[in-house]
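Overview (structure and organization)
This is what each chain is made of:
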Amino acid sequence: MVDRHHWEQWQRSWDRQQEWYLPDREERFRVMLDVVEAVTGPAPRVLDLACGTGSITERLFARLPGATGVGVDQDPALMTIARGVLGEDERFTLVTADLKDPRWADALPPGPFDAVVTATALHWLPATALVRLFGDLAGLLRPGGVFLNADHMPDPAVPLLNTAERALRHGRQEREKAEGVLDWESWWLAAAADPLLAEQVAARNRIYGSHADGESHPAGWHTERLREAGFAEAGVAWRSVTDALVAAVR
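Summary of the structure given here. (Residues numbered from 1 in each chain as written. Predicted model: local features only at pLDDT ≥ 70, side-chain atom pairs only at ≥ 80, totals over all residues. Heavy atoms only, no water.)

Grouped together as the largest cluster of nonpolar side chains are 36 residues, with contacts concentrated most on Leu148, Trp187, Trp188 and Leu197. Breaking this core down by element, the ones donating at least two residues are helix 1 (4-21), helix 2 (25-40), helix 3 (55-63), helix 4 (76-86), strand 4 (113-119), strand 5 (141-152), helix 7 (184-192) and strand 7 (243-249). Per-element accounting of this core gives the leading share, six residues, to helix 2. What Leu197 contacts, discounting residues up to four positions off in sequence, is Trp7, Trp10, Ala77, Thr80, Ile81 and Ala191. Leu47, Ala129, Leu137 and Ala234 belong to the second largest nonpolar core, which has 32 residues in total. (Core = buried A, V, L, I, M, F, W, Y, C linked by side-chain atoms within 4.5 Å. Buried < 20%, exposed > 50% of the residue type's maximum accessible area, 1.4 Å probe, protein only. Helix = DSSP H or I, 4+ residues; strand = E, 2+ residues; numbered from the N terminus. Contact = heavy atoms within 4.5 Å.)

Attention now moves to helix 4. Burial within helix 4 is extensive, with 10 of its 11 residues counted as buried. Among the residues making up helix 4, those that are buried are Pro76, Ala77, Leu78, Met79, Thr80, Ile81, Ala82, Gly84, Val85 and Leu86. On its buried face, helix 4 sits against helix 1, helix 3, strand 2 (68-73), strand 3 (92-96), helix 7 and helix 8 (198-208). If you check the start of helix 4, you find a side-chain oxygen 3.0 Å away from the backbone N of Ala77, and it comes from Asp75. (Polar contact = N/O pair within 3.5 Å; in protein donor to acceptor, adjacent residues only side chain to side chain.)

Under the definition given, this model contains 25 salt bridges. Note that Asp34 and Arg30 form a salt bridge whose closest N and O atoms lie 2.7 Å from each other. With Asp34 and Arg30 both in helix 2 and four residues apart, this pair spans about one turn of that helix. By relative accessible area, which is 39% here, Arg30 ends up partly exposed. Among the ionic pairs, Lys100 bridges to Asp98, the shortest N-O distance being 3.3 Å. A relative accessible area of 26% places Asp98 in the partly exposed class. Overlapping salt bridges, with partners in common, bring together Arg12, Asp15, Arg25, Glu26, Glu58 and Arg59 in one network. (Salt bridge = Lys/Arg side-chain N within 4 Å of Asp/Glu carboxyl O.)

This part is about the side chain of Arg172. Within the fold, Arg172 resides in helix 6 (residues 159-178). Once you skip the residues sitting within four places of it in the chain, Arg172 turns out to touch Glu19, Trp20, Tyr21 and Pro23.

What follows is about empty space enclosed by the protein. In the structure shown here, the tally under the stated rule is one cavity of 30 Å³ or more. What lines the largest cavity is simply Leu122, His123, Leu130, Asp151, His152, Met153, Glu215, Ser216, His217 and His222. Residue composition of the lining of the largest cavity, by class: three nonpolar, five polar and two charged. (1 Å grid on protein atoms, 1.4 Å probe; cavity = no way out; pocket = protein on both sides within 12 Å on 5 of 7 lines; lining within 4 Å. Points joined across faces, edges and corners; volume = space filled by probe spheres on them. Nonpolar A, V, L, I, M, F, W, Y, C, P; charged D, E, K, R; others polar.)

Take helix 9 (residues 219-228) next. When helix 9 is considered as a whole, its buried residues turn out to be Ala219, Trp221, His222, Thr223, Arg225 and Leu226. If you follow the buried residues of helix 9, they end up packed against helix 5 (127-140), strand 5, strand 6 (233-239) and strand 7. Among the residues trailing helix 9, Gly230 stands out with phi positive, at a value near 115°.

Pairing within the open sheet is mixed, and its seven strands lie in the order 3-2-1-4-5-7-6. Each having just a single partner strand, strand 3 and strand 6 make up the two edges of the open sheet. Neighbour-to-neighbour, the strand axes of this sheet turn through a mean angle of 20°, independent of strand direction. Pairing geometry for strand 4 and strand 5, over six bridges, is parallel. Looking at the pairing, Ala119 lines up with Ala150 of strand 5. (Pairing = 2+ DSSP bridges. Axes fitted to C-alpha atoms, helices over the stretch in contact; angles between N-to-C directions.)

By the element assignment, Pro110 lies in the loop between strand 3 and strand 4. The exposure class of Pro110 is exposed, given its relative accessible area of 69%. Remark: the alpha-carbon pair of Pro110 and Thr128, spanning 18 residues in sequence, is separated by 26 Å.

Here it is, written out as structure tokens:
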């Protein structure tokens, strides 16, 4: 049996790789969980959408020990890490499903949920699939429940700020990479070299193919689509120059 410490090391490694792209990642998680607690109370039932290694759920349980969580993903490698870190926690259920499949929610345990959370994931979906997903989520949340999506949501109305942010980010990334921080490609090469992950990484590559940037939309696009999908209200709970956390109440 693999020691849990092995998977915790991979979890920390994943977090650091993500922070190379998103230095304010922990801040958006903090605000996300602030909203979850404020809207749902101390013991919510939370759906972690495209949960990856379980980064959000891990922080949810530390913040709100009375919470329960269902994680959904289809990445075999990241789900192996999530299972290694959280799989023995009775509060956690891990489900394999493809969010592009209109019937993805059939794989979930019965609802409803108090909150749905996701980060840096939904930009992978085409706009038509994302709009359909918003409608699915409205049906999975209880009345008064909340959906929180932290993702890349650039504002095209501020090109000078976007250019300045890009220059600052690239300078920081170059310094950190020289210090040994792994970027996306390097992290996956390292994962493929681990005998305990190699098979899952190969399976993941067959599912996703090569890395791409995905399809991003401004925060206003998200809030409008969420209201159209049946949410009572939607707004921005946090943002940086290029990213935002959108919150929508059912």
